[in-house]
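Now for the letters of each chain:
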Amino acid sequence: MFWADKILQNQKGPQLINDSFTPSGVVHMGSLKGPVIHDTFYKILKDQGKEVLFSYGFDDMDPIDGLAPNLQEKFNKYLGVPLFLAPSPDGKGSFADYFSAKMIELLDTLEIKPDLYRTHEIYQRGEFDAAIKVVLDHADKVRKVYGDIYHKTIPDTWYPLQIICPQCGKLGTTRVAGWDGTDVTFNCEKNLVTWAQGCGASGKISPFGGRGKMPWKVEWAAKWATFGITIEAAGKDHASAGGSYDVAMKICKEVFGKTPPLKLGYEFFLSGGKKMSSSKGLGMTGEELLEVLGPRVAHFLMIKVDPVRAVEFTPRGTDIVPKLYDEYQKSANAYFEKKDEDISRAFELSQIDEPKMPLQVRFSVLAQLIQMPNMQEKIQKAGYGDWAKYARVWVDKYAPDSEKFVVAKELPKEAKKLSKEQKNYLQKIAMELEKKLNPEDFQKELYVWSKELAIPSKDAFAAIYLALIGKDHGPKAGWLILSLDKEFIKKRFLEIDKN
Ligand SMILES: [Zn+2]
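Residues numbered from 1 in each chain as written. Predicted model: local features only at pLDDT ≥ 70, side-chain atom pairs only at ≥ 80, totals over all residues.

Colleague: Account for the overall build of the protein chain, naming residues and giving values.
Modeller: When helices and strands are tallied, the protein chain shows 21 helices and 13 strands. Here the C-alpha atoms of the protein chain give a radius of gyration of 30 Å, more than 25% beyond the 23 Å that 2.2 N^0.38 yields for 499 residues. Across its three principal axes, the protein chain shows a C-alpha extent of roughly 95 × 55 × 40 Å. Within the protein chain, buried positions represent 40% of all 499 residues. Across the protein chain, contacts joining residues at least 24 apart in sequence account for 68% of those joining residues at least 6 apart. (Helix = DSSP H or I, 4+ residues; strand = E, 2+ residues; numbered from the N terminus. Rg over C-alpha atoms; globule rule 2.2 N^0.38 Å. Buried ≥ 20, exposed ≤ 12 C-beta atoms within 10 Å, placed from the backbone. Contact = placed C-beta atoms within 7 Å.)

Have a look at this one:
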């Protein structure tokens, strides 16, 4: 049984799926895994006729706790300020809006349509007020959960809340020191964290209506408890034993007295066996991923194997993208042949509309076709347009050099080392060009002629490639030759003898 079907087997009653994203930086390709997995759950449950909602939040009440190098100078003063209160780098809206916009665009491209929300609005509307009261009234229970999981004593002076400092606007620098049932006492401290400096203000303030924020593990539990979330997967960094997932689950049960959601910790993509990380320059952004895969194949990449297993995805200089397209085509065949296999289900769930048979041409062949001159019209006519666009991106940005070629305007210098037999072979081709053959038959003839001239086919084909692209290997020769102007080929293959 397909992993997603299996995981959902025992979900009874109405379902609320939730996922969220902290809009504080570039959207890495791995950040799309959550939305795709949750959307897959949503599709499955909806198909089963279940009552199901899918919400996707932007955790914009979180403080800015780090900055990309290009923003450091201008935005240093906003470190510690909630994401929704700092200005946008492009001057339009907030810091959070700026980074949320990219994710919204990518969700659109993937045709994932959850109900979007902004966490600061939940606070401001007072929807978390009850939860805030619970965690302050029962701060001892929250301390105990932390203490039990992290094996240390949390002091009685610690409260699970921070306040947006009314004087400097920072949240990351404030500490709540007391709670009287109505107000909290707080201090905005200079040295609470290393990445931001508080202003020294202190006082009493109501923690409700958007003035205060729970630490995010507590907030996570509060979300589940407040809205009745039944399913929420998270990346493996949160899901390891004793990690934030476990803390939030325990708080949900022991502080709020509610059942936590179904747990699924998904693995990251690997790049050369290591975790992909944008900060280390490995991996790619969500935008780059969709530019070369499009929405369906991107869905397929994210769900084809059980997400508890890590998937290697190193597109630069490898054939991993063409292979993924091959796999996608194979899974489509399995689906249309009604084979009850996991890959056929993976194909079905990767669709964003009625399942359609994908192109039958291999992606690697298409990548060759688009590099041949005068092929544009033929590619469009054959209906390859969509994938040709992705193949173009792959050739330009990711393909290994061995997969790239350009037909040389002048006879390449590499062709000067051709043997007499190779030259004869090219002349033979030039003479036979008038035969009206299609590329497939022409390709067969190329083998026949090499036999006739008693030249090993490897040397024969090398002659063609050396004369046209200056390499000893290349794309399918029959197609390459017929994609070029006949007179050009004749001239090139006949002039060779004079060199
Ligand atoms: Zn302050």
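Colleague: Go over the sheet that holds strand β7 (residues 202-205) with me, naming the residues and quoting the values.
Modeller: The strand order β5-β6-β7 describes an open sheet built from 3 strands, whose pairing is antiparallel. Single-partner strands in this sheet number two, and they are β5 (174-179) and β7. The sheet shows a mean angle of 30° between the axes of neighbouring strands, taken without regard to direction. Inspection of the sheet shows strand β6 (residues 184-188) paired to β7 by 4 bridges, in the antiparallel sense. From the neighbouring strand, phenylalanine 186 faces β7, where its bridge partner is glycine 203. (Pairing = 2+ DSSP bridges. Axes fitted to C-alpha atoms, helices over the stretch in contact; angles between N-to-C directions.)

Colleague: Let's hear about the domain arrangement of the protein chain: which residues, and what values?
Modeller: Its domain assignment divides the protein chain into domain 1 (3-129 + 215-269), domain 2 (162-206), domain 3 (274-401) and domain 4 (405-498). Measuring from the centre of the C-alpha atoms in domain 3 to the corresponding centre in domain 4 gives 32 Å. Residue-level contacts link 7 residues of domain 3 with 8 residues of domain 4. Partitioning the side of domain 3 that touches domain 4 into residue classes produces 4 nonpolar, 3 polar and no charged. (Domains from an automatic or database assignment. Nonpolar A, V, L, I, M, F, W, Y, C, P; charged D, E, K, R; others polar.)

Colleague: Can you break down the packing of helix α2 (residues 33-47) against helix α11 (residues 286-303) residue by residue, with the values?
Modeller: Packed helices, taken two at a time, are described by the angle between their axes plus the distance between the axes. Remark: α2 packs on α11, axes separated minimally by 9 Å, with the N-to-C direction vectors making an angle of 90°. By the angle between their axes, α2 is roughly perpendicular relative to α11. Note on element contacts: α11 touches α2 through His299, Met302 and Ile303, opposite Lys33, Val36, Ile37 and Thr40. Its residues placed into classes, the contact of α2 with α11 shows 4 nonpolar, 2 polar and 1 charged. (Parallel < 35°, antiparallel > 145°, perpendicular 65-115°, else oblique.)

Colleague: Explain the nonpolar core residue by residue, including any values.
Modeller: With 138 residues, the main nonpolar core has Val135, Ala221, Ile251, Ala391, Ala463 and Ala467 as its most contacted residues. When near neighbours in sequence (up to four residues on either side) are disregarded, valine 135 contacts Val142, Pro160, Leu161, Met214, Val218 and Val255. (Core = buried A, V, L, I, M, F, W, Y, C linked by C-beta atoms within 7 Å.)

Colleague: Explain helix α18 (residues 439-452) to me, and be specific about the residues and the numbers.
Modeller: Spanning 14 residues, α18 covers 20 Å between terminal C-alpha atoms, matching the ideal 20 Å at 1.5 Å per step. Residues of α18 that are buried make contact with α17 (420-432), α19 (457-469) and α20 (477-483). Phi for alanine 454, located one or two positions after α18, is positive at around 55°. (Expected span 1.5 Å × (residues − 1).)

Colleague: Please give an account of the environment of valine 406 that cites residues and values.
Modeller: With respect to the secondary-structure elements, valine 406 resides in the loop between α16 (385-397) and α17. Residue valine 406 is classed as exposed on the basis of its 11 C-beta neighbours within 10 Å. With 143 residues separating them along the chain, valine 406 and lysine 263 place their C-alpha atoms 51 Å apart.

Colleague: A description of the environment of glutamate 495 should follow, citing residues and the corresponding values.
Modeller: Mapped onto the fold, glutamate 495 is located in helix α21 (residues 486-495). Exposure remark for glutamate 495: the 14 C-beta atoms within 10 Å place this residue in the partly exposed category. Each C-alpha atom, one on glutamate 495 and one on leucine 411, is 8.7 Å from the other, the two residues being 84 residues apart in sequence.

Colleague: Now, about the environment of alanine 222: what can you tell me, with residues and values included?
Modeller: When you line up the elements, alanine 222 lands in helix α8 (residues 216-227). Alanine 222 gets classed as buried once you count the C-beta atoms within 10 Å, which come to 27. Between the C-alpha atom of alanine 222 and that of valine 255, which follows or precedes it by 33 residues, the distance is 9.5 Å. Non-local contacts of alanine 222, meaning those with residues more than four positions away in its chain, are made with Phe128, Ala131 and Met214.

Colleague: Summarise unusual backbone geometry; cite the residues concerned and give the values.
Modeller: A positive phi is found at glutamate 111, a non-glycine position, where the angle reads about 55°. By the element assignment, glutamate 111 lies in the loop between α4 (95-109) and β3 (115-118). Of note in the backbone geometry, histidine 151 takes a positive phi value of approximately 55° without being a glycine. Looking at the element boundaries, histidine 151 is found in the loop between α7 (139-150) and β4 (162-163).

Colleague: Describe the sheet that holds strand β12 (residues 274-275), and please don't skip the residues or the numbers.
Modeller: Read from one edge to the other, the open sheet built from 3 strands follows the order β12-β11-β13, with strand pairing classed as mixed. Each having just a single partner strand, β12 and β13 (311-312) make up the two edges of the open sheet. Pairing of strand β11 (residues 269-271) with β12 involves 2 bridges; the strand directions are antiparallel. Of the residues in β12, the one forming a bridge with leucine 270 is lysine 275.

Colleague: I'd like a description of the pairing of strand β2 (residues 52-58), backed by residues and values.
Modeller: Each regular strand carries side chains that alternate between the two faces of the sheet. The buried count for β2 comes to 5 of 7 residues, which makes it a mostly enclosed element. Each parallel crossover has a hand, and for strand β1 (residues 15-21) linked through α2 to β2 it is right-handed. Pairing of β2 with β3 involves 4 bridges; the strand directions are parallel. Bridge pairing links glycine 57 to tyrosine 117 in β3. (Right-handed = clockwise from strand over helix to strand, strands pointing away.)

Colleague: Could you give an account of α7, with specific residues and numbers?
Modeller: Compared with an ideal rise of 1.5 Å per residue, which puts 12 residues at 16 Å, α7 spans 16 Å between its outermost C-alpha atoms and is within 8% of the ideal. Those residues of α7 that fall on the buried side of the exposure criterion are Ala139, Val142, Val145 and Tyr146. Projected down its long axis, α7 shows its buried positions confined to an angular sector of 120°, all on one face. (Arc of directions from axis to C-beta.)

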